[in-house]
Amino acid sequence: VENVRLLDRLSSRKAALGTLYLTATHVIFVENGSETRKETWVLHSQISSIEKQATTATGCPLLIRCKNFQVIQLVIPQERDCHDVYISLIRLARPVKYEELYCFSFNPKLDKEEREQGWKLVDLNEEYNRMGIPNNYWQISDVNRDYGVCDSYPTEVYVPKSATAHIIVGSSKFRSRRRFPALSYYCKDNNASICRSSQPLSGFSARCLEDEQMLQAIRKANPGSDFIYVVDTRPKLNAMANRAAGKGYENEDNYSNIKFQFIGIENIHVMRNSLQKMLEVCELKSPSMSDFLWGLENSGWLKHIKAIMDAGIFIAKAVAEEGVSVLVHCSDGWDRTAQVCSVASLLLDPYYRTMKGFMVLIEKDWVSFGHKFNHRYGNLDGDPKEISPVIDQFIECVWQLMEQFPCAFEFNERFLIHIQHHIYSCQFGNFLCNSPKERQELKIQERTYSLWAHLWKNRADYLNPLYRSDHSQTQGTLHPQMAPCNFLYKFWSGMYNRFEKGLHPRQSVTDYLMAVKEETQQLEEELEVLGERLANLQKSQLNDNKVKSKPQDRSKQLGLSTSNNSLANTPQEYSNDLKSFPSRSPSQGDEEDSALILTQDNLKSSDPDLSANSDQESGVEDLSCRSPSGGGCLPSEDSGKDSDEAVFLAV
Amino acid sequence: MEFAELIKTPRADNVVLHRPFYLAVEGTLCLTGHHLIFSSRRQDNAEELWLLHSNIDSIEKRFVGSLGTIIIKCKDLRIIQLDIPGMEECLNIASSIEALSTLDSVTLMYPFFYRPMFEIVEDGWRCFLPDEEFELLSSVTDEWRLSCINKEFSVCPSYPPVVIVPKSIDDEALRKVAMFRHGSRFPVLSYYHKKNGMVMMRSSQPLTGTNGRRCKEDEKLINATLRPGKRGYIIDTRSLNVAQQARAKGGGFEQEAHYPQWRRIHKCIERFNILQESLIKLVEACNDQSHNMDRWLSKLEASNWLTHVKEILTAACLAAQCIDREGASVLVHGTEGTDSTLQVTSLAQIILDPRCRTIRGFESLVVREWLQAGHPFQQRCAQSAYSNSKQKWEAPVFLLFLDCVWQILRQFPCSFEFNEQFLIMLFEHAYASQFGTFLGNNENERSKLKLPQKTMSLWSWVNRSEELSKFQNPLFEANSLVIWPSVAPQSLQLWEGVFLRWNRPSKFLDEAHEEMINIIKYNKELQAKVNALRRQLAQLQTADRMQENL
């Protein structure tokens with residue numbers, strides 16, 4: 001479709017004219033602009049909703065909201081075209097078969113061996129070995145081979161040595177979806193462990209001997225402690241309501257030596273609505289500070305993030321400080337339980353704060369234990385009530401921790417954002433389906449590529465320059481503060497306003513420091529080369545019988561290395577970000593009226609003549625994108641650098 | 001008056017000091033004329049806390065049996081607790097502190113007694129003189145002149161003795177204009193934008209009153225800054241409503257009929273007690289130790305602090321936009337022209353002028369646009385967030401300005417020569433200091449107090465290399481561009497460095513900062529080494545070649 005306008009959300013006056021293409025996998029918008037031909041690509045699987053709005057004089061607006069929080073506003077001249085695009089997209093964005101997903105057609109041009117290598121990058125057996133398992137207390141169990149006991153668990157499960165197959169099977173029958181207690185994390189130093197399961201089918205009075213034995217076995221696997229914590233991550237009310245349905249929570253009287261604890265994390269429906277509310281706040285056009293803060297509070301989003309973090313902190317404390325093992329569950333044990341176990345692991349073990357370790361962590365607590373990626377992230381068309389930002393919340397918890405402990409993580413914010421992006425993109429096979437069983441049936445590893453290999457290959461982009469493996473923050477357990485005024489939970493604009501670059505800091509400390517570090521490395525190399533050359537030269541001067549051409553050769557090399565160096569000497573990668581702002585040619589003839597950022601507020605209060613002449617529909621204008629209308633010619637120093645342009649929401 | 005009279009109990013033993021995130025320490029408490037000194041008795045690791053009485057915002061006392069507790073809340077927002085055995089001692093100490101922290105005579109303040117222990121390399125009182133500033137200006141334009149009309153502070157008591165005005169306006173006209181402006185603050189030059197020759201001026205409101213008084217000289221003065229056929233912008237920092245109400249009290253705003261070449265824009269920047277209450281509420285929220293997220297966010301919102309930050313920044317960006325993007329001259333004023341006006345003019349300069357983003361440039365900006373421009377520091381900073389006095393003239397105007405600078409710094413972390421610590425240091429010294437820089441309400445008062453002769457300047461201390469190194473931003477790379485910050489709510493954050501400073505362990509952030517410094521330091525060292533080797537190599541090569549040529 002030609003002559004489509006792509007609107008900028010921050011300012012209704014700025015729009016790019018271009019052509020819209022629909023392919024089997026992407027929506028592509030190509031700007032008509034002669035030089036740059038800026039392109040916007042959106043994967044169909046990223047599309048979360050499409051909204052056709054009322055036709056106006058200029059055309060038919062189409063609003064596309066993406067799962068990675070991009071919002072695209074198009075205006076298509078012909079109503080008919082718009083309708084066609086709308087209908088096509090609705091179909092394309094909601095595939096019904098896995099085979100329709102992008103990962104089955106995505107080909108990064110790697111051979112078979114490389115693909116297999118990629119899938120081997122993260123190996124969970126290796127991970128449990130790293131934890132020190134199997135050992136005297138824990139063993140690998142094949143009770144779930146062929147998914148015979150629990151179809152949403154992995155085939156290899158780690159359980160206490162004293163838990164026989166009989167106990168496991170018995171316990172599984174007493175747990176929702178047969179998700180029996182299994183090991184998630186083991187702390188070598190004090191034998192304390194984190195186990196996970198689903199809720200017990202206790203109803204009002206039911207009990208199960210094998211389940212009680214199972215918990216006993218977990219306790220015995222930690223000889224240093226005479227009880228275990230059972231953490232139910234649901235609000236007490238929800239757990240009690242479940243009892244009426246024959247489910248519920250452990251009765252302290254039936255289980256010997258447990259301490260039972262509720263931690264009120266809300267369910268997926270509350271979380272879905274909360275995100276929805278927060279995104280509405282993000283989408284507000286020029287909100288006031290109060291609108292924003294009030295909306296943020298009202299969405300409850302940060303409250304939920306804090307609840308998850310608090311649960312993680314509680315468990316990490318129990319394991320690290322009290323040396324007590326913890327059994328975590330919620331209802332089915334695949335959402336809140338996954339969040340809480342992985343936050344706790346991250347706090348406890350520095351390994352998970354490395355790039356590789358973080359991949360392992362997601363693979364362990366999310367992928368292998370049957371987090372329902374397909375349902376939660378709507379990869380295939382399904383029940384909208386199943387969709388919920390469960391892993392998004394975990395990823396945000398990690399970001400909040402990174403803000404408080406800037407040196408503790410090997411990776412940077414970009415790493416998190418890209419993982420989030422690919423959980424929805426379906427470009428790689430890692431997060432397809434709802435369980436390991438389904439993935440095996442689909443032969444995912446043979447037919448698709450692994451995201452981890454892709455990220456690992458580009459790991460230089462994801463490094464945190466402040467990370468040093470010998471730094472104190474990279475050792476041992478992290479101890480975050482609990483009160484909001486001590487641990488400031490912030491709105492993550494890098495994620496939720498990811499595509500509105502104008503809102504982000506204009507210069508990135510991370511990129512700057514990475515460039516400096518890269519330069520440092522080059523300097524180190526050059527230093528070595530120079531040292532050698534110097535030594536050679538000194539030697540040769542002593543010998544004093546050299547061929548003439550040699551020094552010339554040398555100086556050539558030197559010249560080369562300096563130019564490399566000077567490249568690295570401009571560590572302003574951040575300007576890329578800045579240059580991506582399209583700048584508009586100055587509007588002609590209306591320089592006096594539209595000259596200012598006039599806001600609604602402003603219009604109301606300022607002189608009537610001013611507002612009457614002003615032709616601003618939205619009342620919002622950005623300060624940027626206008627070249628000076630007077631004052632003679634533009635000094636050349638500024639022309640090449642539109643990087644000082646800013647999009648300001650002025651109110 | 002002797003301080004000794006106020007100190008009933010100069011010393012108490014077995015006092016226990018409590019601070020957040022530190023273990024309680026036992027030690028001895030001493031009171032002197034200007035300090036509260038606590039020193040732990042531990043021999044191995046003696047710890048001392050020196051607190052200026054003038055830093056104390058309020059104190060509370062509590063008793064449990066004969067054990068008294070004093071809670072001291074400081075203007076830098078810190079709260080400490082002292083457990084003092086003995087009711088009488090405790091009462092004595094509390095009342096002494098109360099008296100000493102509320103001395104009403106300026107000349108009794110610590111700066112008049114402070115003797116520096118460092119060598120003075122450069123006298124801060126002689127830095128940043130208007131003449132120097134004018135010299136810089138005259139190298140690029142000759143349309144302005146330095147007027148000594150206010151030499152004896154006779155025309156405008158809150159202006160400095162010399163001001164920069166359009167060349168075509170003589171002192172006689174200035175006198176008339178002064179009569180037409182609130183507090184005689186006639187329009188003066190605040191900033192000259194070299195790139196296009198546009199200027200920013202500031203003044204107070206015109207005294208038009210209800211019957212629309214006009215002053216030809218005033219019109220002529222500001223018109224003198226316009227290029228032929230061009231218009232200028234007047235940014236009134238008050239809402240139209242407030243500006244209209246001001247007419248009833250003799251104030252007002254420039255009417256279109258009399259200023260046809262000017263467009264007036266009203267912004268709404270709050271003043272006085274509204275700001276003070278906002279600060280009080282914000283600090284209360286920040287000190288709330290409850291674990292409730294909703295409560296925190298709603299308190300943060302209710303304080304309106306970030307709303308004020310947003311309003312001020314927006315107005316400053318607007319002024320900067322008029323100058324840089326529209327190529328127009330700007331006049332900024334509110335009512336008195338000593339508060340919101342200065343916030344706007346100084347922030348606009350930070351956006352426009354790379355010089356203001358250096359340490360010396362920023363100091364010069366504070367001197368020009370705040371101290372010499374007559375921001376009444378002594379009144380505004382008399383009390384901070386914990387006071388109950390509720391005087392109308394107290395307001396965190398300067399702190400808000402620093403907060404806005406911090407917001408820009410956060411968005412452009414590589415464009416400033418100074419770091420966050422520098423801004424925090426200025427905040428502290430504006431409220432309590434051993435230096436005389438922020439004493440008095442204007443240059444007139446400062447000269448009457450003979451501050452340059454009797455006290456030490458803050459700049460004499462800061463601008464020594466030992467101190468400067470603490471305030472340098474390791475990421476600084478000179479950026480000659482105009483920097484446009486985002487003023488969207490998503491882009492503005494609570495200034496943790498000030499408001500959560502005492503409520504959170506800063507260790508991890510400090511470590512990050514240190515790491516940053518190390519990375520850059522190591523890079524510079526290598527660079528130096530490589531350069532040295534290159535030079536050495538080049539020398540050897542020339543020697544080599546010469547030898548071969550021979």
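Just so we're clear, the structure is a prediction, and the values are computed from it rather than from any experiment. (Residues numbered from 1 in each chain as written. Chains lettered and ligands numbered in written order. Predicted model: local features only at pLDDT ≥ 70, side-chain atom pairs only at ≥ 80, totals over all residues. Heavy atoms only, no water.)

1. Comments concerning the pattern of salt bridges
Residues and elements named next belong to chain B. A complete count under the given rule lists 59 salt bridges over all chains for this structure. The partner of Arg-355 in a salt bridge is Asp-353, with the nearest N and O atoms 3.9 Å apart. According to the relative accessible area criterion, Arg-355 is partly exposed, its value standing at 32%. Taking the relative accessible area as the measure of exposure, Asp-353 reaches 13% and is therefore buried. Note that Glu-467 and Lys-470 form a salt bridge whose closest N and O atoms lie 2.6 Å from each other. (Salt bridge = Lys/Arg side-chain N within 4 Å of Asp/Glu carboxyl O. Buried < 20%, exposed > 50% of the residue type's maximum accessible area, 1.4 Å probe, protein only.)

2. Details of the domain arrangement of chain A
All names here are of chain A. Assigned domains of chain A: these are domain 1 (4-94) and domain 2 (112-512). Each of domain 1 and domain 2 was reduced to a C-alpha centroid, and the two centroids are 35 Å apart. Taken residue by residue, the interface counts 13 residues in domain 1 and 22 residues in domain 2. Summed over both sides, the interface of domain 1 with domain 2 buries roughly 1600 Å², with 53% coming from carbon and sulfur. Counting the contacts that link domain 1 with domain 2 gives one salt bridge. Where Arg-65 meets Glu-283, a salt bridge forms, and the shortest distance between an N and an O atom there is 2.7 Å. Inspection of the domain 1/domain 2 interface yields seven residue pairs in polar contact (both at pLDDT 80 or more). A per-class count over the side of domain 1 that touches domain 2 returns four nonpolar, five polar and four charged. (Domains from an automatic or database assignment. Contact = heavy atoms within 4.5 Å. Buried area = accessible area lost by both parts, 1.4 Å probe. Polar contact = N/O pair within 3.5 Å; in protein donor to acceptor, adjacent residues only side chain to side chain. Nonpolar A, V, L, I, M, F, W, Y, C, P; charged D, E, K, R; others polar.)

3. Focus on the confidence of the model for chain B
Across chain B, the average pLDDT comes to 93, with 99% of residues at or above 70. Reported confidence for the predicted complex is 0.94 by ipTM and 0.89 by pTM. (pLDDT = per-residue confidence, 0-100.)

4. Looking at the UniProt feature "domain: Myotubularin phosphatase" (unreviewed entry) in chain B
As annotated in UniProt, the feature "domain: Myotubularin phosphatase" (unreviewed entry) corresponds to residues 124-499 of chain B in the numbering used here. Helix makes up 44% of residues 124-499 of chain B and strand 9%, whereas the separation of the span's terminal C-alpha atoms amounts to 29 Å. (UniProt positions renumbered as here; feature names shortened; annotations may be inferred. Helix = DSSP H or I, 4+ residues; strand = E, 2+ residues; numbered from the N terminus.)

5. Some thoughts on the state of the cysteines
In total, this model carries zero disulfides over all chains according to the counting rule given. Counting only cysteine sulfurs, A:Cys426 is the nearest neighbor of A:Cys66, a cysteine outside any disulfide, at a range of 13 Å. The buried category is assigned to A:Cys66, whose relative accessible area is 5%. B:Cys148 takes part in no disulfide bond, and the closest cysteine sulfur, belonging to B:Cys156, lies 15 Å away. (Disulfide = S-S within 2.5 Å.)

6. Comments concerning the packing of helix 4 (residues 165-173) of chain A against helix 5 (residues 209-220) of chain A
Residues and elements named next belong to chain A. Direction vectors running N to C along helix 4 and helix 5 enclose 115°, while the axes themselves pass 7 Å from each other. Every pair of crossing elements has a handedness; the one defined by helix 4 and helix 5 is left-handed. Packed against helix 4, whose contacting residues are His-166, Ile-167, Ile-168, Gly-170 and Ser-171, the element helix 5 presents Glu-210, Asp-211, Gln-213 and Met-214 at the interface. Classifying every residue of the contact of helix 4 with helix 5 by side-chain character gives three nonpolar, four polar and two charged. (Axes fitted to C-alpha atoms, helices over the stretch in contact; angles between N-to-C directions. Left-handed = near helix turned anticlockwise from the far one by under 90°.)

7. Comments concerning the UniProt feature "domain: Myotubularin phosphatase" (unreviewed entry) in chain A
In this numbering, the UniProt entry assigns the feature "domain: Myotubularin phosphatase" (unreviewed entry) to residues 118-496 of chain A. Helix makes up 45% of residues 118-496 of chain A and strand 9%, and the two end C-alpha atoms of the span are 30 Å apart.

8. Some remarks on the sheet that holds strand 12 (residues 232-236) of chain B
Residue and element names in this part refer to chain B. The strand order across the open sheet formed by five strands is 10-11-14-12-13, and the pairing between neighbours is mixed. A strand with exactly one partner marks an edge of an open sheet, and here the two such strands are strand 10 (188-193) and strand 13 (262-266). Strand after strand, the sheet turns through a mean of 20° between neighbouring axes, direction not considered. Bridging between strand 12 and strand 14 (residues 330-333) involves four bridges; their strand directions are parallel. Following the sheet pairing, Asp-236 is matched in strand 14 by His-333. Helix 10 (residues 340-352) rests against strand 10, strand 11 (198-202) and strand 14 of the sheet, and its axis sits at about 155° to strand 11. (Pairing = 2+ DSSP bridges.)

9. Quick look at the packing of aromatic side chains
By the definition in use, this model includes 54 aromatic pairs over all chains. Taken together, B:Phe362, B:Trp370, B:Phe377, B:Phe398, B:Phe401, B:Phe416, B:Phe418, B:Phe422, B:Phe438 and B:Phe471 form an aromatic cluster joined through their ring pairs. Over the ring of A:Phe227 we find A:Lys259; its NZ or CZ atom is 4.2 Å from the centre of that ring. The ring centre of A:Trp456 lies 4.4 Å from the NZ or CZ of A:Arg459, which sits over that ring. (Phe/Tyr/Trp six-rings, centres within 6.5 Å; stacked < 30°, edge-to-face > 60°. Lys NZ or Arg CZ within 6 Å of the ring centre and 35° of its normal.)

10. What to know about the UniProt feature "binding site: substrate" (unreviewed entry) in chain A
All names here are of chain A. When the UniProt feature table is mapped onto this chain, "binding site: substrate" (unreviewed entry) is found at Asn-267, Ile-268, Cys-330, Ser-331, Asp-332, Gly-333, Trp-334, Asp-335 and Arg-336. In summary, the annotated positions, though distributed over 70 residues, converge in three dimensions, the widest C-alpha pair being only 12.3 Å. Inspection of the secondary structure assignment puts Gly-333 in the loop between strand 14 (325-329) and helix 10 (336-348). Those residues within four positions of Gly-333 in sequence are excluded, and the remaining contacts are Arg-179, Arg-196, Ser-197 and Ser-198. With respect to the helices and strands, the residue Trp-334 is situated in the loop between strand 14 and helix 10. According to the relative accessible area criterion, Trp-334 is buried, its value standing at 6%.

11. What about the nonpolar core?
Counting 235 residues, the largest nonpolar core has A:Phe358, A:Tyr496, B:Trp296, B:Phe362, B:Leu426 and B:Phe499 as the members making the most contacts within it. Among the elements that line this core, the one with the most residues is helix 9 (residues 305-324) of chain B, at 13 residues. If near-sequence neighbours (up to four positions away) are discounted, B:Leu426 is found in contact with B:Phe362, B:Val366, B:Phe398, B:Leu402, B:Phe438, B:Leu458 and B:Trp459. Among the nonpolar cores identified, the runner-up in size contains 30 residues, and B:Phe180, B:Val188, B:Cys215 and B:Leu221 belong to it. (Core = buried A, V, L, I, M, F, W, Y, C linked by side-chain atoms within 4.5 Å.)

12. Regarding the domain arrangement of chain B
Domains assigned within chain B are domain 1 (4-103), domain 2 (131-504) and domain 3 (510-539). Between the C-alpha centres of domain 2 of chain B and domain 3 of chain B the distance comes to 39 Å.

13. Quick look at the environment of A:Ala163
Residues and elements named next belong to chain A. Here Ala-163 is to be found in the loop between strand 9 (157-160) and helix 4. A relative accessible area of 3% places Ala-163 in the buried class. Distance in space between the C-alpha atoms of Ala-163 and Ile-218 is 8.3 Å, their sequence separation being 55 residues. Discounting chain neighbours no more than four positions away, the residues touching Ala-163 are Gln-139, Ile-168, Met-214 and Ala-217.

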